[in-house]
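Now for the letters of each chain:
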Amino acid sequence: MTYAGERTILDADSHVMELPDFLDEFLDPDQRDRLRRDRMEAFRPLLEDATARAETRRTDGSAATAAEERLLLDKGWHAMGAFDPAERSRALDLLGFQGQLVFATFSSLLFAGKDLDRLYAGSAAQNRAVADFCKGDDRLLPVASVPLTDPERATALAEQAVAAGSAAILVPSTPAGDRSPTHPDLRSFWSVLDEAGVPFVLHVGGGGRLLDPAFHNNAMPVTDHLGGGENIRSKDFLAVHHSPELFLGALILDGHFDRYPSLRGGCIEQGAGWVVSWMHHLDYAHRAFRRTEEPLRRLRERPSDYVRRHLKFTPFPGEPVGWMMEQAGAELFMFSTDYPHPEGGRDPIAKFEETLVGRDDADRARFYAGNMTELLTGTAP
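What you see as residue numbers is a count from 1 along each chain, following the sequence as written. In keeping with the predicted nature of the model, local features appear solely for residues at pLDDT of at least 70, side-chain atom pairs appear and are counted solely at 80 or more, and the whole-chain, interface and lining totals rest on all residues. Heavy atoms from the whole structure form the basis of all side-chain values; hydrogens and water molecules are not counted.

Draft legend 1. The arrangement of the overall build of the protein chain in detail. Labels follow the DSSP assignment, with helices taken as runs of H or I lasting at least four residues and strands as runs of E lasting at least two, numbered in each case from the N terminus. Along the protein chain, the regular secondary structure elements total 15 helices and seven strands. By the compact-globule yardstick of 21 Å for 381 residues, the protein chain fits well, its C-alpha radius of gyration being 21 Å. Counting only C-alpha atoms, the protein chain reaches 70 × 55 × 50 Å along its principal axes. Taken across its 381 residues, the protein chain has 52% of its residues classed as buried. In the protein chain, 76% of the contacts between residues at least 6 apart in sequence involve partners at least 24 apart. None of His or the chain ends enter the tally, which takes Lys and Arg as positive and Asp and Glu as negative. Positions of charges follow a simple convention, taking NZ of Lys, CZ of Arg, CG of Asp or CD of Glu. For the protein chain, the separation between the mean place of its 42 positive charges and that of its 59 negative charges on side chains is 4 Å. Radius of gyration: C-alpha atoms only; globule rule: 2.2 Å multiplied by the number of residues to the exponent 0.38. Only protein chains enter the accessibility calculation, which uses a 1.4 Å probe. A residue is then buried if its area is under 20% of the maximum for its type, exposed if over 50%, and partly exposed in between. Residue contacts follow a heavy-atom distance rule, with two residues in contact if any of their heavy atoms lie within 4.5 Å.

Take a look at the structure:
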């Protein structure tokens, strides 16, 4: 029996844990010396231990069996299939999932910054590397990353990602440099996604710093209790949705989905309880400001209707998903594990099941697979 049991499950959030040479094969030679390789140096002891254990699993059947028994317990680089695609396929066999979006984790540290040549070259290499990690298993669905700062290069990178078979395009949940994401200069980028039927996704970390660090300057220091890819503490958690709600709200209020009627988007690993009040907030903003703002008068529907038609969200395990469905709609929320990051916990299905009491089989089917199918294909379950 797999972890999924009899359920049909699609996982809207998983990651590859990159090794230091993850990008090298896919990076233009003139950019290799420009990577900020020192940013991975702090992980060296951890990486050496994880790669040694992975090699032991390849040659020692008992070690491989023990790792399978710890499938949802081992996290980060030490997890099964963290950086070995063959092992990841075996992990999916054991999980019993029909598909899994795959995001990068740390490789952007090597090229992120204001140097646009390095940023776009690194993003292109990362996209090719993630696609290569996924190429041997149709269940592994690669997510490409496209910075929006340079509209022309963003469009070209999106075209490459679509042609390479990327399942989704990750964009930052911030302004595109000094432009709104709805600026006319970016219309060619959004047209690529709209015409190809490939969704955009937002992910935690894509909005930059969650809150002013001064809020942590209280003489009461705390650490990230999960130790995962993102340093999230209690006050960070209070702000985790601020960036995506502003980004997505800007798209909606600027008429983006009237302009691109086939465009779909997902908000990943940023919680979803906030969506209930946010939808009311959007509708109120529409009512309050449409008399003085022409773009609002041109909207064909209420803002909350665009949310339901075009967007999906992944709750954190333990959020009250049943209540959220009741308040906002069962079509909005998707299952995710964040595998192999620790934020997904050791038993996400059990955590979600505790909050789905009273929801019928149709709502559960939507949550575990149907809504992700709709995000990726545009076809309602």
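Still to come is the rest of the account.
Draft legend 2. Quick look at the sheet that holds strand 7 (residues 311–313). Spatially, the seven strands line up as an open sheet ordered 1-2-3-4-5-6-7, and their pairing is parallel. Of all the strands in the sheet, just strand 1 (10–15) and strand 7 have a single pairing partner and so form its edges. Averaged over all pairs of adjacent strands, the angle between strand axes in this sheet comes to 30°, irrespective of strand direction. The rule for pairing is simple: two strands pair if DSSP sees at least two bridges between them. Pairing geometry for strand 4 (residues 168–170) and strand 5 (residues 200–203), over two bridges, is parallel. Looking across to strand 5, one finds that Ile169 is bridged to Phe200. Interaxial angle, 0 to 180 degrees, is taken between N-to-C directions of lines fitted to C-alpha atoms, where a helix line uses only the stretch in contact.

Draft legend 3. Focus on the nonpolar core. Among the nonpolar cores identified, the biggest contains 91 residues, and Phe189, Trp190, Phe200, Leu248, Trp278, Phe313 and Phe333 are the most heavily contacted of them. The greatest single-element share of this core, amounting to eight residues, is contributed by helix 4 (residues 116–134). Once residues within four sequence positions are removed from consideration, Phe313 is found in contact with Leu248, Cys267, Ala272, Trp274, Val275, Trp278, Val307, Leu332, Phe333 and Met334. Grouped together as the second largest cluster of nonpolar side chains are 16 residues, Ala12, Val143, Ile268 and Ala369 included. As used in this record, nonpolar core signifies buried Ala, Val, Leu, Ile, Met, Phe, Trp, Tyr and Cys residues forming a set joined through side-chain atoms within 4.5 Å.

Draft legend 4. Spatial organisation of the pairing of strand 6 (residues 265–268). The two faces of strand 6 match: Gly265 and Cys267 on one face and Gly266 and Ile268 on the other face are all buried. As defined by bridge partners, strand 5 adjoins strand 6 across four bridges and the pair is classed as parallel. Across the sheet, the residue bridging to Val201 is Gly266, located in strand 6.

Draft legend 5. Molecular detail of the packing of aromatic side chains. Between 30 and 60 degrees the pair is tilted, below 30 it is stacked and above 60 it is edge-to-face, where a pair is any two Phe, Tyr or Trp rings, Trp via its six-membered ring, whose centres lie within 6.5 Å. Enumeration over the complete set of coordinates arrives at 16 aromatic pairs. Judged by centre distance (6.2 Å) and plane angle (85°), the rings of Phe335 and Phe367 are edge-to-face. With Phe335 in the loop between helix 13 (321–328) and helix 14 (348–355) and Phe367 in helix 15 (residues 361–377), this residue pair connects regions lying 32 residues apart in the sequence. For the pair shown, Phe335 and Phe367 are each scored as buried. On the basis of an interplanar angle of 50° and a centroid distance of 5.4 Å, the ring pair of Phe335 and Tyr368 is categorised as tilted. Pair noted here: Phe335 is in the loop between helix 13 and helix 14 and Tyr368 is in helix 15, with a separation of 33 residues, a long-range link. Each member of the pair Phe335 and Tyr368 is classed as buried. Seen from the ring of Tyr368, Arg7 lies directly overhead, with NZ or CZ sitting 5.7 Å from the centre. Put simply, a charge is over a ring when the Lys NZ or the Arg CZ is close to the ring centre, within 6 Å, and near the line of the ring normal, within 35 degrees.

Draft legend 6. Focus on the pattern of salt bridges. Salt bridges are identified by distance alone: a Lys or Arg side-chain nitrogen within 4 Å of an Asp or Glu carboxyl oxygen. In total, this model carries 26 salt bridges according to the counting rule given. Glu87 is the salt-bridge partner of Arg57, the closest N and O atoms lying 2.6 Å from each other. Of this pair, Arg57 sits in helix 1 (residues 44–59) while Glu87 sits in helix 3 (residues 85–95), and the two are 30 residues apart along the sequence. Among the residues examined, Glu87 registers a relative accessible area of 13% and is labelled buried. One salt bridge in this structure joins Asp305 and Arg302, with 3.3 Å as the shortest N-O distance. Beyond isolated ion pairs, a larger network of salt bridges with shared partners links Arg7, Glu353 and Arg364.

Draft legend 7. A look at the pairing of strand 2 (residues 99–103). Taken across its five residues, strand 2 has five buried, putting it largely inside the fold. Residues Gly99, Leu101 and Phe103 line one face of strand 2 and the alternating positions Gln100 and Val102 line the opposite face, and both faces are buried. Pairing of strand 1 with strand 2 involves four bridges; the strand directions are parallel. Paired with Ser14 across the two strands is Val102, which belongs to strand 2. For strand 2 and strand 3 (residues 140–145), the ladder comprises three bridges, and the chain directions are parallel. Following the sheet pairing, Val102 is matched in strand 3 by Pro142.

Draft legend 8. How the structure looks around the side chain of Glu87. As used in this structure description, the phrase polar contact means that two N or O atoms lie within 3.5 Å; if the pair is within protein, one of them must be able to donate a hydrogen and the other to accept it, and residues adjacent in sequence are counted only when both atoms belong to side chains. A polar atom in the side chain of Glu87 sits 2.9 Å from the backbone nitrogen of Gly81. Leaving out residues up to four positions away in the same chain, Glu87 has contacts with Arg57, Ala79, Met80 and Gly81.

Draft legend 9. Here's a closer look at the environment of Pro175. Assignment of secondary structure puts Pro175 in the loop between strand 4 and helix 6 (187–196). Between the C-alpha atom of Pro175 and that of Thr149, which follows or precedes it by 26 residues, the distance is 8.2 Å.

Draft legend 10. Representation of the environment of Trp77 within the structure. With respect to the element layout, Trp77 can be found in the loop between helix 2 (61–69) and helix 3. Remark: the alpha-carbon pair of Trp77 and Asp115, spanning 38 residues in sequence, is separated by 29 Å. Every residue in contact with Trp77, bar those within four places of it in the chain, is listed here: Met17, Glu18, Leu19, Met40, Phe43, Leu46, Leu47, Ala50, Ala82, Phe83 and Phe106. Of note is the side chain of Trp77, whose polar atom sits 3.4 Å from the backbone oxygen of Met17. Within polar-contact distance, the side chain of Trp77 engages the backbone oxygen of Glu18 at 3.0 Å.

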